[in-house]
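# Geometric and topological summary
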Amino acid sequence: MKIKSQRDFWSGLMFIVVGIAFAWGAAANYNFGSSARPGPAYFPFGLGVLLAILGAFVTLKALTIETEDGEPVGAWAWRPLLWICLSIAAFGFLLPKLGMIITLPLLVVVSAMAGDEFHWKDAALNAVILTVGSWAIFILGLKLTIPLWPSFLGA
Amino acid sequence: MELLNNLALGFGVAFTLQNLLYAFFGAMLGTLIGVLPGLGPVATIAMLLPSIYALDATPALIMLAGIYYGAQYGGSTTAILINVPGESSSVVTAIDGYQMARKGRAGAALAAAGLGSFFAGCVGTIIIAAFAPPLTELAFKFGPAEYFSLMVLGLIGAVVLASGSLIKAISMILLGLLLGQINTDVISGVPRYSFDIPELTDGIGFVAIAMGVFGFGEIISNLSRPAEHREVFTKDVKGLWPTFADFKQAFPAVLRGTALGSLLGVLPGGGALLAAFAAYTVEKKTPAKPGEVPFGQGNIRGVAGPESANNAGAQTSFIPMLTLGIPPNAVMALMVGAMTIKGIQPGPQVMTSNPQLFWGLIASMWVGNLMLIILNLPLIGMWIKLLTVPYRFLFPAIIVFCSIGLYTLNNSPFDVYIGALFGLVGYLFWKLGCEPAPLLLGFILGPMMEENLRRALLLSRGDWTTFVTRPLSAGLLAAAALMVVVVMLPSIKKKREEAFQEE
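Residues numbered from 1 in each chain as written. Chains lettered and ligands numbered in written order. Predicted model: local features only at pLDDT ≥ 70, side-chain atom pairs only at ≥ 80, totals over all residues.

### Some words on the overall build of chain A
Note the following rule: Here a helix means four or more residues in a row that DSSP labels H or I, a strand means two or more in a row labelled E, and each is numbered from the N terminus. We take the radius of gyration over the C-alpha atoms and set the globule estimate at 2.2 Å times the residue count to the 0.38 power. Working definition of burial: number of other C-beta atoms within 10 Å of the residue's own, with buried at 20 or more, exposed at 12 or fewer, and partly exposed in between, all C-beta atoms being placed from the backbone.
A count of helices and strands for chain A gives 5 helices and 0 strands. The linear arrangement of helices and strands in chain A, starting from the amino end, is α-α-α-α-α. Since a compact globule built from 155 residues should have a radius of gyration of about 15 Å, the 24 Å found for chain A marks it as more spread out than a globular shape. With respect to the principal axes defined by its C-alpha atoms, chain A has extents near 55 × 50 × 25 Å. Looking at the 155 residues of chain A, the share that counts as buried comes to 35%.

### Overview of the overall build of chain B
On a plain count of helices and strands, chain B comes out with 22 helices and 0 strands. Relative to its length of 503 residues, chain B is compact, with a C-alpha radius of gyration of 22 Å against a globular reference of 23 Å. Projected onto the principal axes, the alpha-carbon positions of chain B cover approximately 70 × 50 × 50 Å. Within the span of chain B, comprising 503 residues, buried residues form 61% of the whole.

### Quick word on the packing of helix α14 (residues 330-341) of chain B against helix α19 (residues 437-459) of chain B
Residues and elements named next belong to chain B. Just so we agree on the cut-off: Every axis corresponds to a line fitted to the C-alpha atoms, with the helix fit spanning only the stretch in contact, and the corresponding angles, defined between N-to-C directions, vary from 0 to 180 degrees. For classification, angles of less than 35 degrees are called roughly parallel, those exceeding 145 degrees roughly antiparallel, those between 65 and 115 degrees roughly perpendicular, and all remaining angles oblique. By convention, the crossing between two helices is left-handed when the near helix turns anticlockwise from the far helix through less than a right angle, and right-handed when the turn is clockwise. We call two residues in contact if the C-beta atoms placed from their backbones are at most 7 Å apart. The residue classification treats Ala, Val, Leu, Ile, Met, Phe, Trp, Tyr, Cys and Pro as nonpolar and Asp, Glu, Lys and Arg as charged. All others, Gly included, are polar.
One way to put it is that α14 packs onto α19 with a least axis distance of 9 Å and a crossing angle of 30°. On the basis of the axis angle, α14 is roughly parallel to α19. Classified by chirality, the crossing of α19 by α14 is left-handed. When α14 is examined against α19, the residues A330, A333, V336 and G337 are found in contact with a partner set consisting of A437, L440, L441 and I444. Looking at the contact of α14 with α19 residue by residue, the classes come out as 7 nonpolar, 1 polar and no charged.

### Remarks on the nonpolar core
Quick reminder of the rule: Note on terminology: a nonpolar core is any set of buried Ala, Val, Leu, Ile, Met, Phe, Trp, Tyr and Cys residues joined through C-beta atoms within 7 Å. Start and end points for every domain follow an automatic or database-based domain assignment.
If you look at the biggest cluster of nonpolar residues, it comprises 218 residues, and the most contacted ones within it are A46, L64, A109, A210, M211 and L334 of chain B. Structurally, this core is a two-domain feature, drawing no fewer than three residues from each of domain 1 (6-64) and domain 2 (78-153) of chain A. Ignoring anything within four residues of it in the chain, the contact list for L64 of chain B reads G26, I45, L48, M335 and A338 of chain B.

### A few points about the interface of chain A and chain B
Taken together, the contact pairs 59 residues of chain A with 54 residues of chain B. Listing elements by their share of the side of chain A that touches chain B, those giving two or more residues are α1 (6-29), α2 (42-64), α3 (78-98), α4 (100-112) and α5 (120-141) of chain A. Looking at side-chain class alone, the side of chain A that touches chain B contains 40 nonpolar, 14 polar and 5 charged residues.

### Side note on unusual backbone geometry
Residue and element names in this part refer to chain B. Unlike most non-glycine residues, N411 shows phi in positive territory, near 50°. C-beta crowding within 10 Å serves as the criterion here: with 14 such atoms nearby, N411 is assigned to the partly exposed category. A positive phi is found at R461, a non-glycine position, where the angle reads about 55°. The residue R461 is located in the loop between α19 and α20 (466-469) in this model.

### Considerations on the packing of helix α2 (residues 17-35) of chain B against helix α4 (residues 57-82) of chain B
Residue and element names in this part refer to chain B. One can describe the packing of α2 onto α4 by two numbers: an axis separation of 6 Å at closest approach and a directional angle of 35°. In terms of crossing hand, the pair formed by α2 and α4 is right-handed. Here the residues of the contact of α2 with α4 sort into 19 nonpolar, 14 polar and no charged.

### What to know about helix α5 (residues 91-102) of chain B
All names here are of chain B. Defined as follows: Helix span, as expected, comes to 1.5 Å for every residue beyond the first.
Spanning 12 residues, α5 covers 17 Å between terminal C-alpha atoms, matching the ideal 16 Å at 1.5 Å per step. For α5, the tally of buried residues reaches 11 of 12 residues, placing the bulk of the element in the interior. Taken as a whole, α5 has its buried residues at V91, V92, T93, A94, I95, D96, G97, Y98, Q99, M100 and A101. Just downstream of α5 lies G104, where phi reads positive at about 80°.

### What to know about the domain arrangement of chain A
Partitioning chain A into domains gives domain 1 (6-64) and domain 2 (78-153). The distance between the C-alpha centroids of domain 1 of chain A and domain 2 of chain A comes to 39 Å.

### Some details on the environment of F118 of chain B
All names here are of chain B. Among the secondary structure elements, F118 is positioned in helix α6 (residues 106-140). Overall, F118 belongs to the buried group, with 22 C-beta atoms counted inside 10 Å. Along the backbone, F118 and Y73 are 45 residues apart, and their C-alpha atoms lie at a distance of 9.7 Å. Beyond its immediate chain neighbours, meaning those up to four positions away, F118 contacts N369 and I373.

### A word on helix α1 (residues 2-14) of chain B
All names here are of chain B. Spelled out, the test is: By definition, the arc is the one covered by directions from the helix axis to the C-beta atoms.
Given a rise of 1.5 Å per residue, 13 residues ought to cover 18 Å, and the 18 Å separating the end C-alpha atoms of α1 matches this to within 8%. Residues N6, L7, G10, V13 and A14 constitute the buried set of α1. The buried side chains of α1 occupy one side of the element, clustering within an arc of 115° when seen end-on. α1 presents L4 and N5 as exposed residues on the side facing more than 90 degrees away from its buried surface. Considering only its buried residues, α1 is in contact with α2, α4, α6 and α16 (355-386).

Structural data, given as structure tokens:
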């Protein structure tokens, strides 16, 4: 059997997997109750089953209904994807330890590398502006408690 | 007159110095992000949510509302000047607006858009003030079964009117509802799907999901496309004032657009985008007077109609959110979230328990619209300059503000991780052609829906027919079913696909 729409095929599979995972997780771990006294598993189990059914429909449609170009998913943009997600996660991890003064420029420069046009000078300038700006807005202006200096400096 | 008393109370609140400042700030910021392509009101409001912890509820909501309608204004500016709609709701404005700009009539187009929007904004404000109280009365008659059915209607309505595959959109709602199930069950106190991670017992923060999907995810997909080069029409933004003939032509279009937009805005899933599309179609179908420029070549009606409609729609979409606590679109979902952050339970009781907030917010919309027109027409030169900021400076800034915002939600890295994860998920959705807005709606409504479903079943002793034997609830469900059936009809289905093809 040939897949007529790649995008719909994979979305359908995604819905099926997530739906079954939630339904199974609910049935295995929580009390289902009864319709008169619904338990914590009642609603998520129903939703999960419904999602899996709809997912099956989407998948089936992707296998049967002809599309013009096969609706390909296309190549993954690995560089922006990994660069951006990892730089954000690293920011979250490092901020309490190294403070804004180090982690913020790092975040700006590393995430800027995700783009096609990367220039050290631009990124450095942007980092300075954004760090000073964030300090002014969030710490000075909104008085949020964000670590500014690295914790080993004992500030 | 009760209406006048209420509005007087509202204007009293809106005209305090603090609230004027926040309305101004919101409208400014909204215009800014409306002008900048690649940054929408959803991501911006999500970005600002952490900062509203420091504010009172009223100024906070006034500011967020300002961002929403400000973005409609800013979006039309870029649509006219560079043929790049800054917001999806100004897609149709670009068709005739850009042609007008090319013929050296950018000023008239901008003025028609601005004045039309202002007029629509005024009418929208009055409509909210007039219709909110009776709707609120009605809402008090609702039991859990009616609320559940209303939410079903709201969610279905939101996707029926949206573009793309219906079945995938409904699946996205379900996915959102399921993500909303990651929490501690309110009735039994059992933590669900928490994998023994303490942070997850409170549920995933919707700010993290909104920022991840609409902020980070969108950046990733923007970066995966080759950079586009834009041509800016800056040389001739003179002669701002339209001619008398322009006025005569545009005014009926403004009236039609306002009426249509006000109506469509109230419908679930309606709001600005659909209103603009419908208004453009109506203008195109309305016979042209002799000597009028044809559509697609710079007809002023093609700018005035949709622009009035999208602003009217943006205003009236506050009605279901304010009176019933049901968000009709993703921006309103965030407003509901903002209310919850400030400890206000959204729903019909807001009007009686927080009249200052309710009427102040409504009055501030009129004030904000006035500010926008004063602000935008003379400042257009400045907004045009902003268009020349390259994306490589812009996107790290968005990332920085989002990341700091996520961290400060709970002063912990956990929400930052969730945000990054949903950035990945958002990119996946984009690749698979799954629209993320229904997911957010489902996520917001999930816990409310579950509570009402279970309460309704408890009251009926497990009898599911309670949803169809109670007349109000049955009517709401029938309306939802009807919407699905109508959209599935072959002839309508074709029309719907055609309508969204024009995007």
